[in-house]
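Coordinate analysis (summary)
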Amino acid sequence: SDNAGGSSGKVDDLAKSTERLGRTSGQVEGLSTAMKALAASMVFKAFVDANVEVEKFERSMTLLKGSSEAATQEFKYIAGVARTLGLNLFETADAYVQLSAATKGTALEGAQTREVFEAVAKAMSSLGKSGADTQGALLAVSQMVSKGTVSMEELRGQLGERLPGAFQAAAQAMDVTTKELDALVSSGKLSTEEFLPKFAEALRD
């Protein structure tokens, strides 16, 4: 995993440095042994933590998708997205689970969930936004889906704060001015099932 790999690389560097110290003086042999033991424990912890996260994702996806095989395919998909966009694997996976849970049973379930997810994640990545900001942006989208309608709180607030230009992209998606979009959202009549596929397309454009 990304987390385990990063920790392992740092631990290798630490172990090599300790070995060099051990070669220069017999007095640090005890320290070298202790540091190697610490390094091994850090690698083991990273490995265990990564496996816990994978199991958590697969349990959630098995419930959402109906089989462990489907959950495995979803994990391969999200790992590919995280790798391509340079995102933290487990933050990305957690955001994807939340969005998938929100869209289950709606017209956005399945392929459209992936399209919306990728569009937002790619936009955030292209702007150099952090993993935490990306998670927050996708959480705002998940909340929109759960409510069934687009609200100003999520669109201009939570999403707009993390993704500059989100409101303008939303207006472009609906082929209206920002003032007209403001009125439409305020009316409470803009459904997420209508809005999000168009918004995802506008973000890709």
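All figures in this text were calculated on a predicted structure; none of them were measured in a lab.

Rules behind the numbers
- Residues numbered from 1 in each chain as written.
- Predicted model: local features only at pLDDT ≥ 70, side-chain atom pairs only at ≥ 80, totals over all residues.
- Heavy atoms only, no water.
- Helix = DSSP H or I, 4+ residues; strand = E, 2+ residues; numbered from the N terminus.
- Contact = heavy atoms within 4.5 Å.
- Areas by Shrake-Rupley, 256 points an atom, 1.4 Å probe, with all protein chains shown as cover.
- Axes fitted to C-alpha atoms, helices over the stretch in contact; angles between N-to-C directions.
- Parallel < 35°, antiparallel > 145°, perpendicular 65-115°, else oblique.
- Left-handed = near helix turned anticlockwise from the far one by under 90°.
- Nonpolar A, V, L, I, M, F, W, Y, C, P; charged D, E, K, R; others polar.
- Salt bridge = Lys/Arg side-chain N within 4 Å of Asp/Glu carboxyl O.
- Buried < 20%, exposed > 50% of the residue type's maximum accessible area, 1.4 Å probe, protein only.

Structural notes on the overall build of the protein
The secondary structure content of the protein amounts to 10 helices and zero strands. In sequence order, the secondary structure elements of the protein are arranged as α-α-α-α-α-α-α-α-α-α. Taking all contacts inside the protein whose residues are at least 6 apart in sequence as the whole, residues at least 24 apart take part in 61%. A total accessible area of about 10,800 Å² is found for the protein, and carbon and sulfur atoms account for 53% of it.

What to know about the packing of helix α5 (residues 111–126) against helix α10 (residues 192–204)
At a minimum axis distance of 9 Å, the contact between α5 and α10 shows a crossing angle of 40 degrees. Taken together, the axes of α5 and α10 lie oblique to each other. Considering only the axes of α5 and α10, their crossing is left-handed. On α10, the residues touching Q112, E115, V116, A119, V120 and A123 of α5 are L196, P197, A200, L203 and R204. Partitioned by chemical class, the residues of the contact of α5 with α10 number eight nonpolar, one polar and two charged.

Regarding the pattern of salt bridges
Scanning all chains against the criterion turns up eight salt bridges. Here E109 ties to K104 by a salt bridge, and the two come within 3.9 Å at their closest N and O atoms. Judged by its relative accessible area of 34%, E109 is partly exposed. On the basis of relative accessibility, which here comes to 41%, the residue K104 falls in the partly exposed class. In this structure, E118 and K122 form a salt bridge, with 3.7 Å as the shortest nitrogen-oxygen distance. Linking E118 with K122, this pair stays in helix α5, spanning four residues, or about one helical turn. Residue class for E118 comes out partly exposed when judged on its relative accessible area of 23%. Overlapping salt bridges, with partners in common, bring together K65, E74 and R114 in one network.

As for the packing of helix α4 (residues 89–103) against α5
Packing of α4 against α5 leaves a shortest axis separation of 10 Å and a crossing angle of 140 degrees. With respect to their mutual orientation, α4 and α5 come out oblique. Regarding α4 and α5, the two cross each other, and that crossing is right-handed. Residue-level contacts link T92, A95, Y96, L99, S100 and T103 of α4 to T113, R114 and F117 of α5. Class assignment of the residues belonging to the contact of α4 with α5 gives a composition of four nonpolar, four polar and one charged.

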